[in-house]
Amino acid sequence: MSDLKARIQGVRDTFNEALGHVEGLNALEELKNRYLGRKRGIVKELLTDLRSVPKELRPELGQAVNRLKQAVETALAEKFEALKSGEANSREGGIDLTLPGIAPELGALHPLNVVNRDLIRIFERMGYEVAGASEIETDFYNFEALGISKDHPARDMQDTFYISDDVVLRTHTSNVQIHLMENRKPPFKAIMPGRVYRKDADITHSPMFHQVEGLVVGEHVTFTDLKGTLEHFLKKLFGTQTKMRLRPSFFPFTEPSAEVDVSCIMCGGKGCRVCKNSGWLEILGAGMVDPVVFGNVGYDPETVSGFAFGLGVERVAMLKYGISDIRMFFDNDLRFLSQFN
Ligand code: FA5
């Protein structure tokens, strides 16, 4: 007797477990046949086995088998309803997990950020630290401390956005040089990327643009160091075939100063429309830090020397990607931006 009773309990347990794994109507139908099938159903077999149980025990065990049969029927019916309504939902706008998903659109870095990061990475690998300062700047840091006197043309109302008589939107990243030197003792090497502002607007000039400034200060820093650094940088940026040349120039905060050109990256130096047949493209300004600037930040120009350079990020990006109009960087036209994915 206890044998049959234990079997009834065992069947209940295995049925419940199997039901838990059923995920579709076909599997449910199979389970139903396995347990309630007329000929070889597991519950049917229990009923058949009741016949061999002693008479006096039959009523109790018979009731137990019937209770099991009812429980199985009820559970199967409930599962059937649940699966049916799930199917209907997926047909009528509910969640259909079998449909392919909608992939979210992937964004990408803005081309100016790509170039900016490239520039920073090249200098970080040469051991440069990255520094920054405010875009809203006093006259002193933007001009005066850099040797740009009150009557210098760079201060012209046409070029500079004045917030008040003494406060401007910085016109270059060279202001960071002064903050850095005021707070640091040489030797150090730093680059200073950031936004700058000028009253300037045409297809190659934007009122807001980006510069990367470089400054190296220490004992015995020479013009040769400047030349070697820039040559390495430009080869990393544009490729090992790139040539560099320096032309004498003037900046109020460097002496001597140079404009730096690279061999035209479109024609390789042969001469084309982009380089106006010269074979060269102007890429940045540079020079040895003027001793007057060292004096302004409290350094002794007799013991330290240094070089500085500054380049326009938009200019580099335009050359690298062959873009002829600077305004495209700021129009946010996805047809343009998606080309840099
Ligand atoms: C300067 O701004 C110097 N401070 C650079 C410098 C730093 C020289 C340290 C020496 C030592 P310049 O005005 O030439 O120099 O500008 C540097 C670069 O900024 C230019 O070569 C150009 O690529 C870019 N640039 C200038 N004006 C604009 C503009 N309106 N729109 C986009 N890029 C510009």
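In what follows, the structure referred to is the one given above.
This section reports on the structure supplied with the text. (Residues numbered from 1 in each chain as written. Predicted model: local features only at pLDDT ≥ 70, side-chain atom pairs only at ≥ 80, totals over all residues. Heavy atoms only, no water.)

## Examining the nonpolar core
Inference 1: Of all hydrophobic cores here, the largest spans 44 residues; its most connected members are F233, I283, L284 and F309.
Inference 2: Among the secondary structure elements, those contributing two or more residues to this core are α5 (111-125), β5 (208-218), α8 (223-238), β7 (254-263), β8 (280-289), β9 (305-312), α10 (313-321) and α11 (334-337).
Inference 3: Discounting chain neighbours no more than four positions away, the residues touching F233 are L119, I122, F123, M126, L284 and L311.
Inference 4: Judged by nonpolar contacts, the second largest core, of 24 residues, contains A131, V217, V293 and V297. (Core = buried A, V, L, I, M, F, W, Y, C linked by side-chain atoms within 4.5 Å. Buried < 20%, exposed > 50% of the residue type's maximum accessible area, 1.4 Å probe, protein only. Helix = DSSP H or I, 4+ residues; strand = E, 2+ residues; numbered from the N terminus. Contact = heavy atoms within 4.5 Å.)

## Quick notes on the packing of aromatic side chains
Inference 1: Taken as a whole, this structure holds 12 aromatic pairs when the rule is applied.
Inference 2: Pairing F329 with F330 gives two aromatic rings, centres 6.4 Å apart and planes at 70°, and the pair type is edge-to-face.
Inference 3: Overall, the relative accessible area of 31% leaves F330 in the partly exposed class. (Phe/Tyr/Trp six-rings, centres within 6.5 Å; stacked < 30°, edge-to-face > 60°.)

## Quick word on α5
Inference 1: Between its first and last C-alpha, α5 extends 21 Å over 15 residues, near the 21 Å set by a 1.5 Å rise per residue.
Inference 2: For α5, the full list of buried residues reads P111, L112, V115, N116, L119, I120, I122 and F123.
Inference 3: One or two positions beyond α5, positive phi appears at G127, with a value near 90°. (Expected span 1.5 Å × (residues − 1).)

## As for the pattern of salt bridges
Inference 1: Counted under the stated rule, the structure contains 13 salt bridges.
Inference 2: The salt bridge partner of K5 is E60, with a shortest N-O separation of 3.6 Å. With K5 in helix α1 (residues 2-21) and E60 in helix α4 (residues 58-91), this pair connects stretches of sequence that are 55 residues apart.
Inference 3: On the basis of relative accessible area, K5 is assigned to the partly exposed category, the value being 43%.
Inference 4: Here R184 makes a salt bridge to E129, at a shortest N to O gap of 2.8 Å. With a gap of 55 residues between them, R184 in the loop between α7 (174-183) and β4 (188-197) and E129 in strand β1 (residues 129-130) connect regions that are remote in the sequence.
Inference 5: Taking the relative accessible area as the measure of exposure, R184 reaches 30% and is therefore partly exposed.
Inference 6: According to the relative accessible area criterion, E129 is partly exposed, its value standing at 28%.
Inference 7: A network of salt bridges, in which partner residues are shared, links R245, R247, D261 and E282. (Salt bridge = Lys/Arg side-chain N within 4 Å of Asp/Glu carboxyl O.)

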